[in-house]
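A look at the structure
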Amino acid sequence: MNAALRAQLAYRIRVASPADWAEFSQLWIAFNAIYGGEPDARERSRVMSCVRRNFSESAALRVLRSIRGSVDRILEVPPGNMQLDRDDPSFRAATQRCAALYRNRGETSKNRLAAVGGVIYQVRCNLIHGDKDPDDARDRMLVSESVAVLRSLMPALEGQLA
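Below: a short report on this structure. Keep in mind it's a predicted model, so treat the numbers as computed, not measured. Numbers given to residues run from 1 along each chain, matching the order in which its sequence is written. In keeping with the model being predicted, local features are shown solely for residues with a pLDDT of at least 70 and side-chain atom pairs are shown and tallied solely at 80 or more, while totals for entire chains, interfaces and linings include all residues. The basis for every side-chain value is the complete set of heavy atoms in the structure, and neither hydrogens nor water enter the calculation.

1. Some words on the nonpolar core
Here, nonpolar core refers to any group of buried Ala, Val, Leu, Ile, Met, Phe, Trp, Tyr and Cys residues whose side-chain atoms link them within 4.5 Å. Burial classification: accessible surface area is computed with a 1.4 Å probe over protein chains only, and a residue below 20% of its type maximum counts as buried, one above 50% as exposed, and the rest as partly exposed. Membership of the largest hydrophobic core comes to 40 residues, with the highest contact counts inside it found for Phe-24, Trp-28, Phe-31, Phe-55, Leu-113 and Val-116. A run of H or I in DSSP becomes a helix once it reaches four residues, and a run of E becomes a strand once it reaches two; helices and strands are each numbered from the N terminus. Every element with two or more residues in this core is listed here: helix 2 (19-35), helix 3 (43-54), helix 4 (57-75), helix 5 (93-103), helix 6 (109-128) and helix 7 (137-161). Here a residue-residue contact requires only that any non-hydrogen atoms of the pair lie within 4.5 Å. Ignoring any residue separated from it by four or fewer positions in sequence, one finds Trp-28 in contact with Tyr-35, Glu-43, Val-47, Gly-117, Ile-120, Tyr-121, Arg-124 and Leu-150.

Next up, the structure:
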C-alpha cells in the first residue's frame, strides 16, 4: 500500500474506528498484564501458555460454550498475518493451526481455548499494527467478535487467578 493510501487508512482509524476497537485494546492490555509473565519468547505462545496454565478444564469449557458463535464467525475464514502478502503460503498458517486445534473435539478444553487465544492474538496484531480498516465489514466483524471473546475470557481468567 502506498503512502497516500496508508495516510487515508490512518485518518479513518483515527476518526472512524468503532467503539469496540478501543474496548479491544483495553481488554487486550489487561490480558497482556497476565500473559506477559509467561516465559516463552514468542508472544502467541505466551498467550496460549497462559490459558493452558491458568484455566481449569471446567472453566475453559464454560468459556468455550459462551464464545462458540463468535469463534465460529471468526474462523469462517481464519484471520491472516497482514504483514505478509495474501498470496504468501504462511499468510493464514498460524491461525489455521489454531483453528484445527480448536475444532479438534479430542483436545482438552484448555487446549481448545488456548487455540482461540492464538487466533485472537492475530486479530490483535493486525489491529495494533494498523492493518484493520474501519470501513471494511470483515475487519469490523473480526474485532467485534474478538471483543465478545475477550469479554468472556478475561473475567474468567481473572477468576481463575484470584
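Now that the structure has been shown, the text picks up again.
2. Remarks on the side chain of Lys-132
Positionally, Lys-132 belongs in the loop between helix 6 and helix 7. Judged by its relative accessible area of 3%, Lys-132 is buried. A distance of 3.3 Å separates polar atoms of two side chains, one belonging to Lys-132 and the other to Asp-139. Here Lys-132 is in contact with Leu-9, Ile-13, Trp-21, Asn-126, Leu-127, Asp-139 and Leu-142, once residues within four sequence places are set aside. Here a polar contact is recorded for every N or O atom pair within 3.5 Å, except that within protein the pair must consist of a potential hydrogen donor and a potential acceptor, and residues adjacent in sequence are included only if both atoms are side-chain atoms.

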